Amino acid sequence: MQGRYLQRIALYGRRHYRRIFLATAILVALSLVSASRLRIDSDMLGLLPRNEPVVDTFRSTLEDFGGVDLLLVLVGVPEGEAVDPYESFVAELARELETLEHLEYVDYRIGDVEELVRSYFPSSLLFLDEEGRRVIESKLTDQGIRDRVAEIRRLLATPQAVLMKPLVLLDPLGLTDVFMSSLSTTRGALRVDLTSGFFLSADHRLVLLMAKPIRPAQDIVFTQELVDQVEAKITITTERWEEIAGPDPPPVPSVDIGGNYLTALEDGGTIRRDLIIGVLTSMGGVLLLFLFAFRRVGLLMYAFLPLGIGLILAYGFTGVTIGVLNVASAAFAVLLIGMGVDFVIVSYGRYVEERARGRRIAGALRVMASSCGRAVLIGGITSAATFYAFTGTAFVGLRQLGLLTGTGILLCMGAVIFLLPSMLAWSEDHYSRRQREARLFLHGFGSGRLIRLCMAHPVPVLVLGVGLTLGMGLSALQLTFQDSIREMRPEGVRAAANERRMADHFGSGFDFMMLVLRGDSLEEVLELTADAGERAELLAGSDELVRYESIASILPPSARQEETLDWLALRGGDLLDPERVRSVFADAAASEGLRGSAFAEGLSLFTEASQVSRPISLGDLVLDDSSRRLLERFVREGPDAWTSILYLYPPPTIWKREPPPGLRRLADEMGEHVVLSGVNVVSEFMRVTVKRDAIVAAVLGFLLVGVLLWVDFRNLLDTVLSLAPLTVGLVWMMGGMVLLSMPVNFFNIFVFTMIIGIGVDYGIHMMHRYRENRDLDRQHLENGLVETGKAVVLAALSTMVGFGSLSLSSYPGMRSIGYVAILGASSTALVAILLLPAYLTIRLRRADLRAANRGLTDV
């Protein structure tokens, strides 16, 4: 039934190839219009599953509270140089950046230290816990005040006096440490020099600016414009260095950018470059392989046009259905080149064989379509089915990859079935008009000799094959899984280098977990935060948690504030008596030769602090845009609830793959309103989900292939034999991965399902040819398997060349797909042309023996 329809298509193309060419041109034009709408999405988070609480919480928290979509500007201070000119440069650069409409704000200062003291000191005592109150009590004794005055006298005699004097005058009693340590958490665990007021690293070698753009980093056009504008502002400010730094200026600062916007821009460019290089190298490599195999330049058209048209149609389909490609789905074009070309190879190889036997054009096309065409049809459907199995996975990128590749395979197959007969007919007519025959040839790359050798000595070949399979199977048991997301990203890129540079200078402030707490009101979420902080305190300093930060760092819990108010009521009449403190301080200042009136403002601030009578609220802390952004890092009001974040800092390098058990228990014990989130939480979820989805996709793909082959062959043994090259080839592939130190990762784990779609075709073609020739004499059968084996070898080589282009990718994960696919394609092809013919020879010998025995019995 299938053969008759395929014959009709081929013969229609023979007679009306101009109509086929016209219809194809129209489809190509429409597809190009659709494909022009495609855009690249470099968001790695976009590859993660949707509607999964773990992923959704991580994504939404980062989006709401920041930490991902920030543009960072790094200003380097040369070794041994004073910081002041470079801080002036940062201030000028910030003013330039603030003029950009693409930026919401530019954050480059912790805040003016003197202004912070004036603003927050009156409520500073409310930040005290029990230990803090004991420290204050010791500072405010008569002896403590005298010791502080003596310390001030020593400070004012040091070279740092110019910098320290304003703060000393505002805080003569040395109490600012009470709240300044809390305010130092403006941007995570950044180790900064508070006295400068800038985001200056503790080693004074790097100053940081943080800008918040108005659009997300995944908008590549916007990001490109933003980065261009920022770099232009950097150039303008740098050119004014002598004006900013004054006469005899120090060396010009080194300025660079970092953060997610640079990462997105570099990734987007890398993906586009890798995609172009992959397509060109795959196409070029396959066409050169064709030229060598068929020894005919004109054949390049047969390979290029159906394959190229299939790709264009696939891109057109993508433009209509999805409209966007990401780092995973962008690889589908390379996959199609590696797989779609198989249809051309097998079909044209059979056409060459029939023409070499003396058949005319129509007869050769008829055989090609009815016999080989059926195998192509079944092979295309089974390959597409295995990729469609990806649509059942949770990962967006892989669902897209499965849909696009599966559909692309069908489109490439359709292009071959409809277009190749028309092209062959046109070509033969072209040569006929020149009154010469087309030169037809197919290079077997030595496969013919190997197949004949295996069929001549089937038993030793099978024994060796079984032994190799057992050895590879034992090796495959040692296959490991690499679940590091960082290992999947390119090395040596600018964004990654700057991220490491910031971590070196500012500490581990960019690597944290989050305890996300939600409540119906601000009071409820603050109570939850205080409770979580008390629980986290029990783990702080352990091998599971270094420290933590929350809104309590700048807004003390109500209970603590009430304790402080009770303490003030109890000790305010003696220890915190402003008049006593003023008197003791004045006497001590006079004895040290200091002018007491210079400290009047600072002592007035202490008086206000000692007389505080009510707790402070969130609104009391919002003094300006800087303080508002500080608070929004910890707590925000959403449409339906308030959300607070407790930032958790585990020991670096220890908990990369999973969250610490203690923190997991903390979140579980606090109930449904508290969720633990972080990169390691998502990594653990991905590790489990990827393994599950890969197994489901592989099993589903294998079952779909088995069912389709059963429908085609209607024979259980033939179905099993068709699957044998695939099954044994997978064992060889996994064993080879261990021998070559190739671990399974989040990317190449799905190659196992791809190989089901790729490798099953080889067994299908060999079994179809066997079934076609098994009733003929043994020489015809051997010749038929040899000719089909040549096409299988060429198809496998083209797949390896096509996938080989992935090994040129900048992404280690994509490179691993290429390596594993090459290993899988070569393994399944070798089993198909070596072990399968050997077994079929033994099977036929047994059939001949049974037939001979029946003949003797009849006699």
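A quick note: this is a predicted structure, and the numbers were derived from the prediction, not measured.

Here's the deal with the overall build of the chain
So, step 1. In terms of helices and strands, the chain carries 31 helices and 13 strands.
So, step 2. Counting every position in the chain, which comprises 859 residues, the buried fraction comes to 56%.
So, step 3. If you take every contact in the chain between residues at least 6 apart in sequence, the share linking residues at least 24 apart comes to 82%.
So, step 4. A total accessible area of about 36,600 Å² is found for the chain, and carbon and sulfur atoms account for 58% of it.

Examining helix α7 (residues 142–155)
So, step 1. The terminal C-alpha atoms of α7 lie 20 Å apart, and with 14 residues this matches the ideal 20 Å at 1.5 Å per residue to within 8%.
So, step 2. Gly 144, Ile 145, Arg 148, Val 149, Ala 150 and Ile 152 are the residues of α7 that are buried.

Observations regarding the pairing of strand β11 (residues 642–649)
So, step 1. Burial analysis of β11 places eight of its eight residues in the buried class, which makes it a mostly covered element.
So, step 2. Of the two faces of β11, the one lined by Trp 642, Ser 644, Leu 646 and Leu 648 and the one lined by Thr 643, Ile 645, Tyr 647 and Tyr 649 are each fully buried.
So, step 3. For strand β8 (residues 513–519) and β11, the ladder comprises seven bridges, and the chain directions are antiparallel. When the sheet's bridge partners are listed, Leu 517 is paired in β11 with Ser 644.

Quick look at the environment of Leu 470
So, step 1. Turning to its location among the elements, Leu 470 is positioned in helix α18 (residues 458–476).
So, step 2. With 261 residues separating them in the primary sequence, Leu 470 and Val 731 have C-alpha atoms 8.7 Å apart.

Concerning the pattern of salt bridges
So, step 1. For the coordinates displayed, the defined rule picks out 18 salt bridges.
So, step 2. Where Glu 782 meets Arg 452, a salt bridge forms, and the shortest distance between an N and an O atom there is 2.6 Å. Of this pair, Glu 782 sits in helix α30 (residues 778–804) while Arg 452 sits in helix α17 (residues 447–456), and the two are 330 residues apart along the sequence.
So, step 3. Of the residues examined, Arg 452 reaches a relative accessible area of 32% and is grouped as partly exposed.
So, step 4. Residue Lys 790 is joined to Glu 787 by a salt bridge in which the shortest nitrogen-to-oxygen separation is 3.6 Å. Taken together, the positions of Lys 790 and Glu 787, both in helix α30 and three residues apart, correspond to about one turn of that helix.
So, step 5. Classification of Glu 787 as partly exposed rests on a relative accessible area of 25%.
So, step 6. Ionic contacts of the salt-bridge type, sharing partners, join the residues Glu 92, Arg 95, Arg 240 and Glu 243 into one network.

A look at unusual backbone geometry
So, step 1. Here His 204, not a glycine, exhibits a phi torsion of approximately 60°, which is positive.
So, step 2. Within the secondary structure, His 204 is located in the loop between α9 (177–183) and β4 (206–213).
So, step 3. Overall, the relative accessible area of 27% leaves His 204 in the partly exposed class.
So, step 4. Notably, Arg 714 is not glycine yet its phi reads approximately 60°, a positive angle.
So, step 5. Of note, Arg 714 is situated in the loop between α27 (679–713) and α28 (716–739).
So, step 6. Using a relative accessible area of 61% as the deciding quantity, one classes Arg 714 as exposed.

Topic: the packing of aromatic side chains
So, step 1. Going through the model one piece at a time under the given rule, you end up with six aromatic pairs.
So, step 2. On the basis of an interplanar angle of 70° and a centroid distance of 5.9 Å, the ring pair of Phe 89 and Trp 241 is categorised as edge-to-face. Residue Phe 89 is located in helix α4 (residues 84–97), and its partner Trp 241 is located in helix α11 (residues 241–245); the two are separated by 152 residues in the primary sequence. Neither residue differs from the other here; Phe 89 and Trp 241 are each classed as buried.
So, step 3. An aromatic cluster is present here, built from Tyr 86, Phe 89 and Trp 241 joined pairwise through their rings.

Notes on a nonpolar patch on the surface
So, step 1. Together, Val 707, Trp 710, Val 711, Leu 716 and Val 720 make up a nonpolar patch on the protein surface, roughly 480 Å² of accessible area in all.
So, step 2. Put simply, the parts of the chain that give the nonpolar patch at least two residues each are α27 and α28.
So, step 3. It is α27 that provides the largest number of residues to the nonpolar patch, a total of three residues.
So, step 4. Its location among the elements puts Val 711 in helix α27.
So, step 5. For Val 711, a relative accessible area of 45% translates into the label partly exposed.

A short note on α17
So, step 1. Where α17 is concerned, the buried positions are Ser 447, Gly 448, Ile 451, Cys 454 and Met 455. Axial view of α17: buried residues confined to an arc of 135°, hence all on one face.

A closer look at the packing of helix α15 (residues 361–388) against α27
So, step 1. Orientation of α15 relative to α27, taken along the N-to-C sense of each, is 160°, at an axis distance of 8 Å. One element, α15, and the other, α27, form an angle in the roughly antiparallel class. Seen along the crossing, α15 lies across α27 with a hand that is right-handed. Along its contact with α15, which presents Arg 374, Ile 378, Ile 381, Thr 382, Ala 385 and Thr 386, the element α27 presents Gly 701, Leu 704, Val 705, Leu 708, Leu 709 and Asp 712.
So, step 2. Within the contact of α15 with α27, the residues separate by chemical class into seven nonpolar, three polar and two charged.

Side note on the confidence of the model for the chain
So, step 1. Of the residues in the chain, 85% reach a pLDDT of 70 or more, and the chain-wide mean stands at 80.
So, step 2. Averaged pLDDT values for the elements of the chain fall to 54 in α9 and rise to 93 in α18.
So, step 3. The low-confidence segment residues 182–189 (pLDDT under 50) makes 35 contacts with residues lying over four places distant or belonging to another chain.
So, step 4. Below a pLDDT of 50 lies the segment residues 433–438, which in the model reaches seven contacts outside its immediate sequence neighbourhood of four places, other chains included.

What to know about the nonpolar core
So, step 1. Counting residues in each nonpolar core, the largest one holds 182 residues, and the members touching the most others are Leu 515, Phe 585 and Tyr 762.
So, step 2. Sort the elements by how many residues they give to this core and helix α31 (residues 812–858) lands first, with 16 residues.
So, step 3. Apart from residues no more than four positions distant in its own chain, Leu 515 is found in contact with Ala 532, Ser 644, Ile 645, Leu 646, Leu 648, Leu 666, Ala 667, Val 674, Val 675 and Leu 676.
So, step 4. Formed by 37 residues, the second largest nonpolar core is a distinct cluster that contains Leu 100, Val 106, Ile 220 and Tyr 261.

What about the side chain of Ser 644?
So, step 1. Within the secondary structure, Ser 644 is located in strand β11.
So, step 2. Side-chain polar atoms of Ser 644 contact the side chain of Thr 529, separated by 2.8 Å.
So, step 3. With residues near it in sequence (within four places) discarded, Ser 644 still touches Leu 515, Val 516, Leu 517, Val 525, Thr 529, Ile 551, Phe 634 and Val 635.

Notes on the packing of α18 against α28
So, step 1. At a minimum axis separation of 7 Å, α18 and α28 run at an interaxial angle of 50°. Looking at the two axes, α18 sits oblique to α28. Once α18 is placed against α28, the crossing between them reads as left-handed. Residues Gly 465, Leu 468, Thr 469, Met 472, Gly 473, Ser 475 and Ala 476 of α18 pack against Val 728, Val 731, Trp 732, Met 734, Gly 735, Gly 736, Val 738 and Leu 739 of α28.
So, step 2. Here the contact of α18 with α28 is built from residues that sort into nine nonpolar, six polar and no charged.

What about the sheet that holds β4?
So, step 1. In space, the four strands of this open sheet follow the order β3-β4-β2-β5, with antiparallel pairing throughout. Edge positions in the sheet fall to β3 (103–107) and β5 (254–259), since each of these pairs with one other strand and no more. The mean inter-strand angle of the sheet, taken between neighbouring strand axes irrespective of direction, is 20°.
So, step 2. Pairing of β3 with β4, which is carried by four bridges, proceeds in the antiparallel orientation. The residue of β4 that forms the bridge with Leu 103 is Pro 213.
So, step 3. Across the sheet, α4 touches β2 (71–76), β3, β4 and β5, and the angle it forms with β2 is around 150°.

Description of the environment of Gly 402
So, step 1. Its location among the elements puts Gly 402 in helix α16 (residues 396–433).
So, step 2. For the pair Gly 402 and Met 754, spaced 352 residues apart in sequence, the C-alpha separation works out to 9.3 Å.
So, step 3. With residues near it in sequence (within four places) discarded, Gly 402 still touches Phe 387, Tyr 388, Phe 390 and Thr 391.

Cut-offs applied
- Residue numbers run consecutively from 1 along every chain, following the written order of its sequence.
- Local features in a predicted model are, by the rule used here, given only for residues with pLDDT of at least 70; side-chain atom pairs are given and counted only at 80 or more, and totals for whole chains, interfaces and linings are based on all residues.
- Working from all heavy atoms in the structure, the side-chain values ignore hydrogens and water.
- Segments assigned H or I by DSSP are reported as helices when at least four residues long, segments assigned E as strands when at least two residues long, and all are numbered from the N terminus.
- Under the scheme applied here, a residue whose accessible area is under 20% of the maximum for its type counts as buried, over 50% as exposed, and between as partly exposed, the area being computed with a 1.4 Å probe on protein chains only.
- Throughout, a residue-residue contact means that at least one pair of heavy atoms, one from each residue, lies within 4.5 Å.
- For the area figures, the Shrake-Rupley method with a 1.4 Å probe applies, and any residue is considered shielded solely by the protein chains shown.
- The span you would expect from a helix comes to 1.5 Å times its residue count less one.
- Two strands pair if DSSP finds at least two bridges between them.
- For this analysis, a salt bridge means a side-chain nitrogen from Lys or Arg found within 4 Å of a carboxyl oxygen belonging to Asp or Glu.
- The rule is short: rings of Phe, Tyr and Trp, with Trp giving its six-membered ring, pair when the centres are within 6.5 Å, and they are stacked under 30 degrees, edge-to-face over 60, tilted in between.
- Residues enter patches when their relative accessible area tops 30% and they take part in no salt bridge; the joining distance is 9 Å for like charges and 5 Å for the nonpolar side chains Val, Leu, Ile, Met, Phe, Trp and Tyr.
- What the arc describes is the spread of directions from the helix axis to the C-beta atoms.
- Interaxial angles span 0 to 180 degrees and are taken between N-to-C directions of axes, which are lines fitted to C-alpha atoms, for helices over the stretch in contact.
- Geometric relationships in this document are graded by angle, where less than 35 degrees denotes roughly parallel, more than 145 denotes roughly antiparallel, 65 to 115 denotes roughly perpendicular, and other angles denote oblique.
- If you view the pair so one helix is near and one far, a crossing is left-handed when the near helix is turned anticlockwise from the far one by less than a right angle, and right-handed when it is turned clockwise.
- Gly falls in the polar group here, along with every residue not listed as nonpolar (Ala, Val, Leu, Ile, Met, Phe, Trp, Tyr, Cys, Pro) or charged (Asp, Glu, Lys, Arg).
- A residue's pLDDT is simply how confident the predictor is in it, with values from 0 to 100.
- Residues grouped as a nonpolar core are buried Ala, Val, Leu, Ile, Met, Phe, Trp, Tyr and Cys residues, joined through side-chain atoms within 4.5 Å.
- Polar contact criterion, stated in full: a pair of N or O atoms within 3.5 Å, where within protein one must be able to donate a hydrogen and the other to accept it, and residues adjacent in sequence count only if both atoms are side-chain atoms.

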